[in-house]
Amino acid sequence: MRRLAVTAATALLTAATLTGCGVLDKATDTPTPTGGAAAAASSAPTHTPTRSAAAVNLPDICTLLTKADVNRLTGQRVTLMTNEGGATSGARYCQWQLSSGQLDVTVNIETRDQFDVQNKDAKQVDGIGEAAYSLAGHLYVYADGKVVDVYATSASTDAANLKVEQRTAEAVLPKLA
């Protein structure tokens, strides 16, 4: 009987510890990031699409930029492109692995009110789209009911990566209209 009680107590303590530390998501029991990754993830905004991508005809993002475009924008050579094919209903995504770093571009459908709800650590970025900000290494740009999220790690500094992200957003935005 004592052995059963110890086993049950250990199981409960383990479950409580894992749930409390962010290792298990309470709703789905799936792994979630812990430590620094969890802090970074919690500081980045969550952009939730409000209409289906089909309703606004979001293009396959990987077709908007050629490998030569990505090479020019990042100063790196594309080694691999991950093309999700544009099959997601509320967002489209493409990732390019580079000779040094990566470039990710995501487009979501969002209202301006949704976009304007920002983390207090967001830094406004002027001169691109209707509104833009940088947060957690990402550049978020709002234009015409869409949010372009660009993440680059191809440069040697955060400021240089932001410039790559701005150039990339400027190249993508006109192709979304």
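Our structure's up above, just so we're on the same page.
Residues numbered from 1 in each chain as written. Predicted model: local features only at pLDDT ≥ 70, side-chain atom pairs only at ≥ 80, totals over all residues. Heavy atoms only, no water.

## Looking at helix α4 (residues 67-74)
No. 1: Residues of α4 that are buried: Asp-69, Val-70, Leu-73 and Thr-74. Projected onto a plane normal to the axis of α4, the buried residues spread over an arc of 110 degrees and lie on a single side. The exposed set on the far side of α4, more than 90 degrees from its buried face, consists of Ala-68 and Arg-72.
No. 2: On its buried side, α4 packs onto β1 (78-83), β2 (91-98), β3 (102-109) and α6 (158-176).
No. 3: Backbone geometry just after α4 places Gly-75 at a positive phi near 75 degrees. (Buried < 20%, exposed > 50% of the residue type's maximum accessible area, 1.4 Å probe, protein only. Helix = DSSP H or I, 4+ residues; strand = E, 2+ residues; numbered from the N terminus. Arc of directions from axis to C-beta. Contact = heavy atoms within 4.5 Å.)

## Some points on the environment of Lys-163
No. 1: Tracing the backbone shows Lys-163 in helix α6.
No. 2: The class of Lys-163 is exposed, set by a relative accessible area of 51%.

## Digging into the packing of aromatic side chains
No. 1: A complete count under the given rule lists three aromatic pairs for this structure.
No. 2: These aromatic residues form a ring-pair network of at least three members: Phe-115, Tyr-133, Tyr-140 and Tyr-142. (Phe/Tyr/Trp six-rings, centres within 6.5 Å; stacked < 30°, edge-to-face > 60°.)

## A closer look at the state of the cysteines
No. 1: In this structure the tally under the stated criterion is one disulfide.
No. 2: Here Cys-62 pairs with Cys-94 through a disulfide, and the sulfurs are 1.8 Å apart. Handedness of the Cys-62-Cys-94 disulfide follows from its S-S torsion of about 105 degrees: it is right-handed. Linking Cys-62 in the loop between α3 (53-56) and α4 with Cys-94 in strand β2, this pair joins segments that are 32 residues apart in sequence. (Disulfide = S-S within 2.5 Å.)

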